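Observations on the three-dimensional arrangement
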Amino acid sequence: MRPPDPVSLLADLVRRPSVNPMGRDLSGPEYLEGRVSDYLGQRLTAAGITWVRQHVAPGRDNILARLEATVADAPLLLWDAHQDTVPAEGMTIEPFTPQIQDGRLSGRGSCDVKGGLAAMVAALERLAVADVRHATVVLAATVNEEFGFAGALAVTGLWDAAAERDPAAAKLLERRPDLAIVAEPTGLDLVVTHKGSLKWRIRVHGRACHGAFPEQGDNALYTAGRVALAIEDLAGELGGRHPDHPCGPPTLSLGTLHGGSGVNLVPDLAILEVERRILPEESAAEARQEVIDRIAAACPGARIEHDEPFNDAYGLADGTEAPTASAWVEAVARAAMPAGGGRRTAARYGTNAGVYAAAGVPSIVFGPGSIEQAHTADEWIDLAQLLAATDILAATVAGPV
């Protein structure tokens, strides 16, 4: 029997769009994860691996698969890779037509994180026919990682009262895993700590009127401009805090600004979206309040509302010394070293690992590819790393720990 080919598997995933609408009211054949979910179910069935769908939202299902250990008293490992990708607007390559050239496969999601997903699925298929498995593995192919971690949160819900609503999924993941390995492009290194982030909308209110009499209104865009400048000032200050932190300093960024409906109308509303990246040691509530206070000081008397964040922070503190996890973390590191990886490192971005860690599961981030290619206009992944990641994941479970 020929071993699973992660390259062709990745190509299949890339040609099945799974774009996250990122909170926008968008629909169409390229949006949501359904095509990828269907494909994964077909592959797992063909491999004889037990799997179920876990419903998260309309058109969005986690795929959970379980492969039992062959030895007694084996630990439980969770492998997580998200199905969704960021949008494809502005790409300089055909986003959903995978191209292989110079040892690279290009296309939207090839690096973030369908490469990691392909490595995990191929490794699971390889382990399904292995004589020895030293751990039980549950694969969670999760939805909506790029805009709120909804899929990972649904997985953690299987360990509480929510399990009663989805007994089939809960049966596959009946307890907290001993270790979660979350796929992201880490260059085969082990990310053991990373930042969290808070994202929220700011609503700046004014008073509308005819553009011929602007003095009769209160232009929300002018106030929004002062809000933007206040954010810029605070962002500059944050860059000087904790400059030597492994994750880099805390950051603040204004992502969108929308307002107005016509050039001859004074707008009465502007909406900004802001993101505060938070160090694992920081208080998310205090970090958000600092932004709110700085904006209030810059805009006295203005009517400004801050929506509740559309995600929790979910930073990742290093939990790799946990007794149930440390040996398995070392096993991943050892297996990755011959391929040039295995170093313990930190990241500025956030991942599903923060969600699992917050639920009490020691977690690391590991996968093929470089974060520098994630979300880019010509996204690609190094196929040598894809093949190596597949080998590393399979070897960690099949070999002695």
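This text follows the structure it describes.
Residues numbered from 1 in each chain as written. Predicted model: local features only at pLDDT ≥ 70, side-chain atom pairs only at ≥ 80, totals over all residues. Heavy atoms only, no water.

Looking only at helices and strands, the chain features 10 helices and 17 strands. What you see for the chain is a C-alpha radius of gyration of 23 Å, in line with the 21 Å of a compact globule of 401 residues. Its C-alpha atoms put the chain at 80 × 45 × 40 Å along the principal axes. Considering the chain as a whole, with its 401 residues, one finds that 53% of them fall into the buried category. Separation between the mean location of the 34 positive side-chain charges and that of the 52 negative ones in the chain comes to 2 Å. (Helix = DSSP H or I, 4+ residues; strand = E, 2+ residues; numbered from the N terminus. Rg over C-alpha atoms; globule rule 2.2 N^0.38 Å. Buried < 20%, exposed > 50% of the residue type's maximum accessible area, 1.4 Å probe, protein only. Lys, Arg positive; Asp, Glu negative; His and termini not counted. Charge placed at Lys NZ, Arg CZ, Asp CG, Glu CD.)

Here we take up helix H10 (residues 383–398). With 16 residues, H10 ought to run about 22 Å at 1.5 Å a step, and its terminal C-alpha atoms sit 23 Å apart, in line with that. Inspection of H10 places Leu 383, Leu 386, Ala 388, Ala 389, Thr 390, Ile 392, Leu 393, Ala 394, Thr 396 and Val 397 among the buried residues, and these make up the whole buried set. Where H10 begins, one side-chain oxygen reaches toward the backbone nitrogen of Ala 384, 2.8 Å away; that side chain belongs to Asp 382. (Expected span 1.5 Å × (residues − 1). Polar contact = N/O pair within 3.5 Å; in protein donor to acceptor, adjacent residues only side chain to side chain.)

Glancing now at the pattern of salt bridges. By the definition in use, this model includes 23 salt bridges. Between Glu 275 and Lys 199 there is a salt bridge; the shortest N-O distance is 3.4 Å. Placement of Glu 275 in strand E13 (residues 269–278) and of Lys 199 in strand E9 (residues 196–205) is noted, with a sequence separation of 76 residues between them. Overlapping salt bridges bring together Asp 38, Arg 53 and Asp 61 as one network. (Salt bridge = Lys/Arg side-chain N within 4 Å of Asp/Glu carboxyl O.)

Glancing now at the sheet that holds strand E5 (residues 104–106). One open sheet holds the 3 strands; their spatial order is E4-E5-E17, and the pairing between them is antiparallel. What marks the edges here is a single partner per strand, and that holds for strand E4 (99–101) and strand E17 (380–382). In this sheet, adjacent strand axes meet at a mean angle of 20° when their direction is disregarded. Sheet topology note: the E4/E5 ladder contains 3 bridges and is antiparallel. (Pairing = 2+ DSSP bridges. Axes fitted to C-alpha atoms, helices over the stretch in contact; angles between N-to-C directions.)

Turning next to the sheet that holds E9. Strand order in this open sheet of 4 strands is E11-E13-E9-E14, and the pairing throughout is antiparallel. Bordering the open sheet on either side are strand E11 (251–259) and strand E14 (303–306), each of which pairs with just one other strand. Each adjacent strand pair in this sheet contributes to an overall mean axis angle of 20°, direction not counted. Examined bridge by bridge, E9 and E13 share 10 bridges and lie antiparallel to one another. The residue bridging Ile 202 from the neighbouring strand is Leu 272, located in E13. Contacting E9, E11, E13 and E14, helix H6 (residues 220–238) runs over the sheet at an angle of about 170° to E11. (Contact = heavy atoms within 4.5 Å.)

Glancing now at helix H2 (residues 34–46). With 13 residues, H2 should cover 18 Å at 1.5 Å per step; its first-to-last C-alpha distance of 19 Å lies within 8% of that length. By the burial criterion, the buried members of H2 are Val 36, Ser 37, Tyr 39, Leu 40, Gly 41, Arg 43 and Leu 44. Those residues of H2 that are buried are in contact with helix H1 (6–14), strand E1 (50–57), strand E2 (60–67), helix H3 (110–128) and strand E6 (136–142). Backbone geometry just after H2 places Gly 48 at a positive phi near 75°.

Right, let's get into the nonpolar core. Membership of the largest hydrophobic core comes to 56 residues, with the highest contact counts inside it found for Leu 40, Trp 79, Leu 124, Ile 181 and Phe 366. The biggest single contributor to this core is H3, with 11 residues. Among the nonpolar cores identified, the runner-up in size contains 28 residues, and Leu 76, Leu 78, Leu 173 and Ala 347 belong to it. (Core = buried A, V, L, I, M, F, W, Y, C linked by side-chain atoms within 4.5 Å.)

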